Amino acid sequence: MDVLGTVRKWLDERIGLHGLVEFMEHKKVPQHRYSHWYFFGGMTLFLFGVQVLTGILLLLYYRPSPNEAYESVEYIMTQVRFGWLIRSIHSWSANLMILTASVHMFSVFFLKAYRKPRELTWLSGMLLLFLLLGFGFSGYLLPWNTLSFFATKVGTDIAGQVPVIGKWISVFLRGGEDVTGATLTRFFGFHVAVLPGIATALVALHVLLVQRFGMSVPPSVEAEWEARPSERREMRFFPNFLLRELMAWYVALAILGGLAAFKPWELGTKADAFASAPPGIRPEWYFMFMFQTLKMIPPKIWIFDGELLGVLGFNAAFVVWVLLPFFDRGPGGRAQRWVTGAGVFALGYVVVMTVYAYFAK
Amino acid sequence: MVCRGAKNALIMVALSCCLFLLAAPGLPAQAKNSCINCHGLFDPPLGINAEEFAGSIHAQKGLLCTSCHGGDSSSDDMTQAMGKAAGFRGHIERAQIPALCGKCHSDAAYMRGFNPSVRTDQLSQYQTSVHGKMLAKGNSHVAVCIDCHTTHNIHPPNDPRSSVYPANVARTCARCHANAEYMKDYKIPTNQFALYSTSVHHEALAVRGDLSAPTCSTCHGSHGAAPPGVASVERVCSTCHVFQQQLFDSGPHKAAFGAMGFPGCITCHSNHAIQHPSDGSIGTGNTAFCVRCHVEGDAGYTAAAGMHAGLVKLDGEIQRSEEILKRAQVSGVEVGQTAMALTEAQDDLTKARVAIHSARPDAVDQNIQAGLKVTDKTWQAGLAAMKELKYRRQGLVASIVAIVLVLIALAFLIRKIEAPKPGETK
């Protein structure tokens with residue numbers, strides 16, 4: 001017997017590997033004209049893995065204090081072998097992960113994959129997306145450069161606009177009245193301990209729920225299959241779907257490598273708390289649609305503060321968005337048309353405002 | 001209803017009185033100034049702008065019209081207010097103005113009550129100035145206090161509204177000194193302001209807002225205004241340009257300029273229209289100052305050419321390093337530390353440019369060589385960065401090739417797995 005076979009037998013006798021492989025071989029994935037959207041969830045999971053791995057490597061050298069943070073990242077990028085690659089991949093992977101997670105969310109939304117009994121899968125996914133945004137916001141400050149320092153000031157200022165609890169949120173996030181070294185250590189704690197802990201548990205729950213209910217088939221395909229059962233197509237999860245997923249992961253890896261080599265993530269200049277904010281301060285691209293909206297809202301709308309109304313509006317919109325599946329009353333109904341319309345509007349708004357933000361003066 | 005309104009009005013009045021009484025101790029006591037009643041309505045020269053006067057430093061400190069003009073401003077009776085018995089002086093002759101202002105401004109004990117650190121030597125300084133000396137000789141056209149400080153709208157010199165605020169001084173002097181008609185009897189140029197407006201000093205003060213940059217009074221003095229003589233030019237410039245003066249004094253030009261009666265710094269740099277010097281200011285080119293005295297073949301000519309070559313070489317090396325580091329940075333290779341090191345070479349270049357004032361090639365070369373050592377290292381670091389960039393891109397190409405091969409292998413594997421087995425229909 002070969003070595004691999006021996007190891008496999010050894011494991012099989014102890015953890016029932018055979019049963020697991022058999023289970024995966026029996027697990028089926030629907031095969032239809034929208035199947036390719038399924039890959040974005042897996043790609044997001046892959047990029048999450050890349051983040052964990054590169055994040056751990058960065059932790060070996062990063063020092064979370066205002067006097068050392070910038071220098072330690074500079075050290076990683078110039079002195080540590082392949083440090084530049086690891087840091088660039090970590091930054092690019094974070095952005096790609098938010099992109100793939102957003103694509104995954106909108107594909108789930110428009111393919112109606114949130115329908116009963118998958119509402120909890122949608123909710124856990126939405127929570128994960130918010131966590132990813134939290135990862136992005138907290139990680140942005142860690143290099144302690146000028147851009148991130150002032151963007152964090154603006155970001156926490158906006159959080160402070162929330163009525164009643166805004167001030168408390170702002171002080172809690174900053175670790176005081178202003179963005180200081182206390183904010184840096186706090187964000188570091190969120191970024192490497194609090195958020196990963198919650199995210200890992202939520203990823204496990206999300207994957208478990210996907211496993212429990214299987215892949216959702218879009219209503220239009222489901223109707224076609226019911227009308228013509230002979231057209232129903234499925235593929236085995238293992239190895240057929242998994243090999244395709246693997247191909248998607250490799251494509252993501254190639255994109256990451258290309259971005260890291262041709263457009264390494266810049267470090268910028270070290271933050272100076274006493275300097276005035278440089279022109280052109282703006283957040284990461286995934287917050288740009290909100291940033292642009294808040295910029296465009298007039299300072300006063302009737303007797304209310306414009307920015308406050310904007311912040312409240314976004315909070316309300318996010319709550320509605322998360323709860324949209326519960327308004328969907330099934331195929332053909334008026335409610336479903338409204339929900340789909342809201343989705344089209346949301347997607348259009350986010351895309352248009354993001355693009356506009358980069359072209360607006 | 002009426003009764004209730006009256007009651008409310010009474011309460012308001014009572015509250016207002018209380019507030020006034022509470023606020024009153026914090027306000028300076030304002031004596032009656034009846035002069036304004038009439039002179040606030042007149043046109044000049046008898047009229048004054050009451051609002052402007054109220055904002056002036058004198059009014060702010062509680063001074064009245066009577067402080068300068070005499071009289072009794074507490075009386076509404078014109079004959080009493082402007083009567084001789086009340087010491088009314090009326091119009092003050094120009095020749096009397098410095099003494100009148102000096103009555104308070106030269107009284108240290110009196111002025112201490114307003115500002116303990118205020119200077120009180122203005123009158124004595126003025127008496128040593130060209131203005132003061134000519135006034136003493138009976139020329140009342142020369143500047144007296146009010147020509148620079150204005151009459152009723154006087155502000156402290158650190159107030160941007162003041163005519164003697166650093167950024168306003170040159171324009172204030174130019175009111176007379178750029179007026180060819182007014183200055184025709186004095187046989188002095190009137191283009192100083194036009195020349196100064198093109199200078200590096202004006203650019204620093206007016207464009208960059210550097211209030212410490214020189215204006216007319218910085219070199220000529222304010223109350224003691226006079227042209228710096230040939231002997232004192234160098235000392236005037238060195239109040240700011242300390243190193244340049246020390247180096248000049250240590251070099252051969254000091255004695256040579258003295259022997260020829262050249263006025264130090266301005267021999268090369270001129271006076272009012274001082275431009276930012278360039279590396280072309282030294283050497284043997286068309287823009288070089290040196291060729292005004294030195295001719296081909298003399299030692300100074302050779303030294304100037306050598307110093308110019310050194311500056312140009314170091315400047316070129318710095319630019320070469322900057323260019324390669326910029327390319328590396330734009331391409332994503334972190335070169336922040338090397339760029340920081342390159343600032344040392346920039347410092348050496350600055351030191352070499354300052355050392356030019358010694359006119360000693362060895363002193364200049366010492367800084368040039370130190371800078372070249374730095375640029376050699378930064379250039380090597382730039383080359384290494386470009387090599388690293390090439391290595392990264394080659395690595396990427398190798399990785400992409402490997403990934404594509406894996407993708408092809410996976411595609412074949414999937415095809416093989418999904419191929420219909422013999423006897424099986426798809």
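Small disclaimer: the values here were computed from a predicted structure and weren't measured.

*Asks:* Before we move on, can you summarise the side chain of Arg118(A) with the specific residues and values?
*Replies:* Relative to the elements of secondary structure, Arg118(A) occurs in the loop between helix H5 (83–110) and helix H6 (119–141). Buried Arg118(A), no salt bridge; nearest opposite-charge side chain is Glu222(A), N-O distance 6.6 Å.

*Asks:* I'd like a description of the pattern of salt bridges, backed by residues and values.
*Replies:* Summed over all chains, the structure comprises 22 salt bridges over all chains. For the salt bridge of Arg244(A) with Glu418(B), the shortest nitrogen-to-oxygen distance reads 2.7 Å. With Arg244(A) in helix H11 (residues 237–262) and Glu418(B) in helix H23 (residues 361–418), this pair bridges two chains. On the basis of relative accessible area, Arg244(A) is assigned to the partly exposed category, the value being 22%. Given a relative accessible area of 33%, Glu418(B) falls into the partly exposed group.

*Asks:* Account for a nonpolar patch on the surface, with residues named and values stated.
*Replies:* A surface patch of nonpolar side chains, amounting to about 600 Å² of accessible area, comprises Ile301(A), Trp302(A), Ile303(A), Phe304(A), Leu309(A) and Leu312(A). On the secondary structure map, Trp302(A) appears in the loop between strand E3 (300–301) and strand E4 (304–305).

*Asks:* For the packing of aromatic side chains, give the residues involved together with the corresponding values.
*Replies:* Under the defined criterion, the tally for this structure stands at 32 aromatic pairs over all chains. Stacked on the ring of Phe109(A), the Lys or Arg Lys112(A) has its end atom at 5.5 Å from the ring centre. One residue, Arg320(B), lies across the ring of Trp379(B), its end atom 3.8 Å from the ring centre.

*Asks:* I'd like a description of helix H14 (residues 334–359) of chain A, backed by residues and values.
*Replies:* Residue and element names in this part refer to chain A. Counted at 1.5 Å a residue, the expected span for H14 with its 26 residues is 38 Å, and the 37 Å between its end C-alpha atoms agrees. Three or more residues of H14 are buried, namely Gln 336, Val 339, Gly 343, Ala 346, Met 353, Thr 354 and Ala 357. In the core, the buried residues of H14 are packed alongside H5, helix H12 (288–296) and helix H13 (306–327).

*Asks:* Can you explain the interface of chain A and chain B? Please cite residues and give values.
*Replies:* Chain A puts 24 residues into the contact, and the matching count from chain B is 20 residues. Taken together, both faces of the contact between chain A and chain B bury some 2100 Å²; the carbon and sulfur share is 69%. In this structure, the connection of chain A to chain B is made through one salt bridge. Viewed at the interface, chain B and chain A are joined by three residue pairs in polar contact (both at pLDDT 80 or more). Sorting the residues of the side of chain A that touches chain B by element identifies helix H4 (69–78) and H11 of chain A as the ones contributing at least two each. Here the side of chain A that touches chain B gets 14 residues from one element, more than from any other, and that element is H11(A). Here the residues of the side of chain A that touches chain B sort into 15 nonpolar, five polar and four charged.

Conventions used here
Residues numbered from 1 in each chain as written. Chains lettered and ligands numbered in written order. Predicted model: local features only at pLDDT ≥ 70, side-chain atom pairs only at ≥ 80, totals over all residues. Heavy atoms only, no water. Helix = DSSP H or I, 4+ residues; strand = E, 2+ residues; numbered from the N terminus. Buried < 20%, exposed > 50% of the residue type's maximum accessible area, 1.4 Å probe, protein only. Lys, Arg positive; Asp, Glu negative; His and termini not counted. Salt bridge = Lys/Arg side-chain N within 4 Å of Asp/Glu carboxyl O. Patch = residues over 30% accessible without salt bridge, like charges linked within 9 Å, V, L, I, M, F, W, Y side chains within 5 Å. Areas by Shrake-Rupley, 256 points an atom, 1.4 Å probe, with all protein chains shown as cover. Phe/Tyr/Trp six-rings, centres within 6.5 Å; stacked < 30°, edge-to-face > 60°. Lys NZ or Arg CZ within 6 Å of the ring centre and 35° of its normal. Expected span 1.5 Å × (residues − 1). Contact = heavy atoms within 4.5 Å. Buried area = accessible area lost by both parts, 1.4 Å probe. Polar contact = N/O pair within 3.5 Å; in protein donor to acceptor, adjacent residues only side chain to side chain. Nonpolar A, V, L, I, M, F, W, Y, C, P; charged D, E, K, R; others polar.

Keep in mind these numbers describe shape, not what the thing actually does.
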